[in-house]
Amino acid sequence: MFQFDAFNTGLYSLVPSKPTITGPTSGKAGEKHEYIFNAKDPNKGQLLYYIKWGDNQIEDWIGPYSSGEDVKINHTWSTKGRYIIKANVKNERGTESGWSTLEVRMPKNKLLRYSFPLLKWLLD
């Protein structure tokens, strides 16, 4: 019979935390942007990350990374627009967290950038 996890080990697999996503929420299309992903596994196991960038590009179960390790990944959006970054993790037993999201907008408002340099400086 099935015992607690996909490998029939009889061990409970606790759910990893949803990953946090930190990084810029606006920028210029065509430029590289760095994002940091971090999740913790209560089993203290290794984690794999699945990331959707909102532009039909994905990172398909990359890793493994240690529980609590900052995972730095760069991404470049080629066109201006609004994008939702979605991230999920799974542990060594295949137990997945829920999804986390972060909204980003490309590009920054050019009107503010060129018409109001002081406001641009404050926003940056």
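Described in the following lines is the structure provided in the data block. (Residues numbered from 1 in each chain as written. Predicted model: local features only at pLDDT ≥ 70, side-chain atom pairs only at ≥ 80, totals over all residues. Heavy atoms only, no water.)

### With respect to the sheet that holds strand β5 (residues 71-76)
Phase 1: With antiparallel pairing, the three strands of this open sheet are ordered in space as β1-β2-β5. If you trace the sheet from one side to the other, it starts and ends with β1 (20-22) and β5, each paired once. Averaged over all pairs of adjacent strands, the angle between strand axes in this sheet comes to 30 degrees, irrespective of strand direction.
Phase 2: By the bridge criterion, six bridges tie strand β2 (residues 32-38) to β5 in an arrangement that is antiparallel. In the sheet register, F37 faces β5, and the bridge partner there is V71. (Pairing = 2+ DSSP bridges. Helix = DSSP H or I, 4+ residues; strand = E, 2+ residues; numbered from the N terminus. Axes fitted to C-alpha atoms, helices over the stretch in contact; angles between N-to-C directions.)

### Here we look at the sheet that holds strand β6 (residues 81-91)
Phase 1: Reading across the sheet, the four strands line up as β4-β3-β6-β7 and stay open at both edges, with antiparallel pairing between neighbours. The outermost strands of the open sheet, each flanked by one partner alone, are β4 (58-66) and β7 (100-106). Taken pair by pair, the neighbouring strands of this sheet meet at an average axis angle of 25 degrees, ignoring direction.
Phase 2: Direction of pairing for strand β3 (residues 46-52) relative to β4: antiparallel, over a ladder of five bridges.

Purely spatial values, then, with no claim about function.
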